[in-house]
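Structural overview
Residues per chain, in single letters:
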Amino acid sequence: MPENSVLAKLDEVKDRVARAMSEAGRADQEIDITIVTKTIATERLLPLLHQGNKIFGENRVQEAQHKWPDLKQHFPDIDLRLIGPLQSNKVKEALALFDMIETVDRPKIAQRLAAEMDKTNRRIPCLIQVNIGQEPQKAGVAPLEALKFIKQCQSDWKLPVKGLMAIPPANQPPAPYFALLQKLADQAGLSYTSMGMSGDYAIACQMGASEIRPGSALFGARG
Ligand SMILES: *Cc1c(COP(=O)(O)O)cnc(C)c1O
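Note that the structure is a prediction, hence the values are computed from the model and not measured.

**Some remarks on unusual backbone geometry**
Within the chain, Gln134 stands out as a residue other than glycine whose phi angle is a positive 50 degrees. Residue position: Gln134 is located in the loop between strand S6 (126–129) and helix H6 (143–155). Gln134 sits in the exposed class, given a relative accessible area of 55%. Backbone geometry places Asn171, a non-glycine residue, at a positive phi of 60 degrees. Tracing the backbone through its elements, the reader meets Asn171 in the loop between strand S7 (161–165) and helix H7 (175–188).

**Some details on the nonpolar core**
Of all hydrophobic cores here, the largest spans 66 residues; its most connected members are Trp68, Ile101 and Leu159. Counting residues per element, this core draws most heavily on helix H1 (residues 5–23), which supplies seven residues. Ignoring anything within four residues of it in the chain, the contact list for Trp68 reads Thr37, Leu45, Leu49, Phe56, Glu58, Ile78, Leu80 and Leu97. With six residues, the next largest nonpolar core counts Val36, Ile83, Met165 and Tyr192 among its residues.

**As for the site of the ligand**
The full set of residues close to the ligand is Val36, Lys38, Ile83, Met165, Ile167, Met197, Ser198, Arg213, Pro214, Gly215, Ser216 and Arg222. Here an oxygen atom of the ligand sits 2.5 Å away from a polar atom, N or O, in the side chain of Ser198. Between the ligand and Arg222, the relevant distance is 2.8 Å, taken from an oxygen atom to a side-chain nitrogen or oxygen of the residue. Coverage of the ligand by the protein amounts to 89% of the 400 Å² it exposes when considered alone. Of the residues belonging to the shell around the ligand, the class tally is six nonpolar, three polar and three charged.

**Quick look at the pairing of S6**
Every second residue of S6 is oriented toward a common face, with Cys126 and Ile128 on one face and Leu127 and Gln129 on the other, all of them buried. Alignment of strand S5 (residues 100–104) against S6, held across two bridges, turns out to be parallel. Within the sheet, the bridge partner assigned to Val104 lies in S6 and is Ile128. Each parallel crossover has a hand, and the one from S5 via helix H5 (residues 107–120) to S6 is right-handed. Where S6 lies against S7, four bridges are found, and the strand directions are parallel. Along S7, the bridge assignment pairs Cys126 with Val161. Traced from S6 through H6 to S7, the parallel crossover comes out right-handed.

**Here we look at the pattern of salt bridges**
Applying the stated criterion across every chain, the model contains eleven salt bridges. Linked through salt bridges whose partners overlap, the residues forming this network are Asp32, Asp79, Arg81 and Glu211.

**Describing the pairing of strand S4 (residues 79–82)**
Taking every second residue as pointing to the same face, both faces of S4 are buried, with Asp79 and Arg81 on one and Leu80 and Leu82 on the other. Here strand S3 (residues 55–58) runs beside S4; their pairing, made up of four bridges, is parallel. From the neighbouring strand, Phe56 faces S4, where its bridge partner is Leu80. Remark: the S3/helix H3 (residues 61–74)/S4 crossover connection has right-handed handedness.

**Side note on the packing of aromatic side chains**
Two aromatic rings are characterised by how far apart their centres lie and by the angle between their planes. The tally for this structure, following the rule as stated, stands at one aromatic pair. Relative to Trp68, the ring of Phe56 has its centre 5.1 Å away and its plane inclined at 40 degrees; by these criteria the two rings are tilted. Taken together, the positions of Phe56 in strand S3 and Trp68 in helix H3 put the pair twelve residues apart, joining distant regions of the chain. Here the two residues Phe56 and Trp68 agree in accessibility, since each one is buried. The residue whose ring lies beneath Arg16 is Tyr201, and the NZ or CZ to ring-centre distance is 5.2 Å.

What counts and what doesn't
Residues numbered from 1 in each chain as written. Predicted model: local features only at pLDDT ≥ 70, side-chain atom pairs only at ≥ 80, totals over all residues. Heavy atoms only, no water. Helix = DSSP H or I, 4+ residues; strand = E, 2+ residues; numbered from the N terminus. Buried < 20%, exposed > 50% of the residue type's maximum accessible area, 1.4 Å probe, protein only. Core = buried A, V, L, I, M, F, W, Y, C linked by side-chain atoms within 4.5 Å. Contact = heavy atoms within 4.5 Å. Near = heavy atom within 4 Å. Polar contact = N/O pair within 3.5 Å; in protein donor to acceptor, adjacent residues only side chain to side chain. Areas by Shrake-Rupley, 256 points an atom, 1.4 Å probe, with all protein chains shown as cover. Nonpolar A, V, L, I, M, F, W, Y, C, P; charged D, E, K, R; others polar. Pairing = 2+ DSSP bridges. Right-handed = clockwise from strand over helix to strand, strands pointing away. Salt bridge = Lys/Arg side-chain N within 4 Å of Asp/Glu carboxyl O. Phe/Tyr/Trp six-rings, centres within 6.5 Å; stacked < 30°, edge-to-face > 60°. Lys NZ or Arg CZ within 6 Å of the ring centre and 35° of its normal.

Written as structure tokens, this is what we have:
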């Protein structure tokens, strides 16, 4: 693909988002478009960075550590989000590098993260990942456990919980799962939801998403 075709793809995504938001009567609302850059080499990100895009997502701490510290020096306004699993031995590194953690899904991680925030005095917003389709292979707190876990994160560990994140089951209509995540967020008194990827971001926009996470829609299929 030519170097700046990624900019054309991003324009297409933004157009579709604007249409979906307007159809849903949400045209006046802000939505975060997190550009998912896992496996994508730095050269391919430069046009996006030079254009002034700020929100990026990586799913592996180690890959992000190779790619982003230099870029963040050059583009200090970057808002880098962890959208993949966080192991407890990577909490310190993750907090130092990322600006939002979207995958808090168990007490051990929440506790470690909160303790590290206290220690470093660096407090970043966190999302609780919900295993919205209750799939055994997926991370996330079960929907029925979510409210209790959110409360625990907030009151026991004082974690700055901003909202919820989920990945609905593949090969099923995502709308009911997006609706369930919105409902859980409402019940928890949280207003921020991260849901919708390349295949379903327009539906997510219609259903109230605060953040969508397109990857392959911008970069093509990952090798
Ligand atoms: C890879 C990934 C994405 C992007 O997926 P695409 O289908 O390429 O848009 C979004 N969210 C998470 C959590 C991911 O791991």
